[in-house]
Amino acid sequence: MREDRPIIALDFPDFETTKVFLEKFPKEEKLYVKIGMELYYACGSQVVTYTKSLGHSVFLDLKLHDIPNTVKSAMTVLRKLGVDMTNVHAAGGVEMMRAARQGFGDEGLLIAVTQLTSTSQEQMQDFQNIQTSLADSVRHYAKKTAEAGLDGVVCSAQEVALIKEATADDFLCLTPGIRPSGAENGDQKRVTTPGQAREIGSDFIVVGRPITQSEDPVAAYQAIKGEWNS
Ligand code: C5P
C-alpha cells in the first residue's frame, strides 16, 4: 500500500508555529503529517484534534514501549483520538505488540521501530549485548512485528529489501531520512532521494526540514511529492 503523499514531520515546539505552518497550504490540500514527541508533549491531544479537523491524516510518532497492559490502555486512548497511524518499539516484545494492536484496533495502521537508525552495529553489540549484525537484528524484529499482527516498520531505505523479503511484499516500510537531490543533509547521515525511495520499494516517506525549513514549504512539498510519484 503505497501512500502518494510524503508524510511531513511537524517537528515544531508549539501549537502556534504548527498552525502558522499548516495555514500556508491551500485548504483543499489534504496532507499526511507526523506529530512526534516534541509537539505532542508540548500541546497534547489538542494538536491532533486540530490537525484532524483540517482533514489531514496523522501519524502519531510516540514509539510506545512499556508493559503490555499499559501499552494496550494507551493505544485505546490514541484510537479515540482518531490517529491514522502510530507506533511502538518492537523491543517491547510480541506480547506487547499484540496488546498494542488490541488497544488500537484494526482501523488505523500500527507499525514498529526495529533498531533506531541512530544505533550503530557496534553500539547494538556492546550496549544491547545483541551479538549479531544490525541487518540480522532488524530482520528479526521485523519478522516478530509481522507475527504480532502489526502492519509494518519504520526503517532506513537500505533495509526495505531485506524486510520485505523476511516478511511480505505488503508489509509496510516507512522511511525517514529523505532529501531531495541537492538539499542540505542536516544531521541525517545516510540519505535517500524520494525517487530512490520509490525504486527501493518504500511505502511511505517522511520528510521534515526540507519542507518545514524551506522558504516556500508548499513548493518544496509539491516538488518532493512530484519526485516521489514520478
Ligand atoms: O527533518 P528530517 O527530514 O530529518 O526529519 C525526519 C523525521 O523523521 C524526524 O521527525 C525524525 O525524528 C524522524 N526519524 C528519523 N529517523 C528515524 C526515525 C524517525 O529521522 N529512524
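None of the values given here were measured: they were computed from a predicted structure.

## Focus: the site of the ligand
Stage number 1. Around the ligand, a shell composed of Ala9, Asp11, Lys34, Thr117, Pro176, Arg179, Gln188, Val206, Val207, Gly208, Arg209 and Pro210 is seen.
Stage number 2. Separating an oxygen atom of the ligand from a side-chain N or O atom of Lys34 is a distance of 2.9 Å.
Stage number 3. At 2.5 Å, a side-chain N or O of Thr117 approaches a nitrogen atom of the ligand.
Stage number 4. Summarising the interface, the protein chains cover 81% of the accessible area of the ligand, which totals 460 Å² for the free molecule.

## Observations concerning the pairing of strand β3 (residues 57-64)
Stage number 1. For β3, the buried fraction is high: 7 of the 8 residues fall into the buried class.
Stage number 2. Note: strand β2 (residues 32-36) against β3, 5 bridges, orientation parallel. Counted as the bridge partner of Ile35 is Leu60 from β3.
Stage number 3. As a crossover connection, the stretch from β3 through helix α4 (residues 68-81) into strand β4 (residues 85-89) is right-handed.

## As for the UniProt feature "domain: Orotidine 5'-phosphate decarboxylase" (unreviewed entry) in the chain
Stage number 1. If you check UniProt for "domain: Orotidine 5'-phosphate decarboxylase" (unreviewed entry), the listed places come out as residues 5-224 in our numbering.
Stage number 2. Span residues 5-224 is 44% helix and 17% strand, its end C-alpha atoms 9 Å apart.

## Quick look at the nonpolar core
Stage number 1. In this structure, Leu10, Ile35, Met75, Leu78 and Val88 are the most contacted members of the largest nonpolar core, which totals 46 residues.
Stage number 2. The element that contributes the greatest number of residues to this core is helix α5 (residues 94-104), accounting for 5 residues.
Stage number 3. The residues contacting Val88, other than those within four sequence positions of it, are Lys63, Leu64, Val71, Met75, Met96, Met97, Ala100, Ile111, Ala112, Val113 and Leu150.

About the criteria used
- Residues numbered from 1 in each chain as written.
- Predicted model: local features only at pLDDT ≥ 70, side-chain atom pairs only at ≥ 80, totals over all residues.
- Heavy atoms only, no water.
- Near = heavy atom within 4 Å.
- Polar contact = N/O pair within 3.5 Å; in protein donor to acceptor, adjacent residues only side chain to side chain.
- Areas by Shrake-Rupley, 256 points an atom, 1.4 Å probe, with all protein chains shown as cover.
- Buried < 20%, exposed > 50% of the residue type's maximum accessible area, 1.4 Å probe, protein only.
- Helix = DSSP H or I, 4+ residues; strand = E, 2+ residues; numbered from the N terminus.
- Pairing = 2+ DSSP bridges.
- Right-handed = clockwise from strand over helix to strand, strands pointing away.
- UniProt positions renumbered as here; feature names shortened; annotations may be inferred.
- Core = buried A, V, L, I, M, F, W, Y, C linked by side-chain atoms within 4.5 Å.
- Contact = heavy atoms within 4.5 Å.

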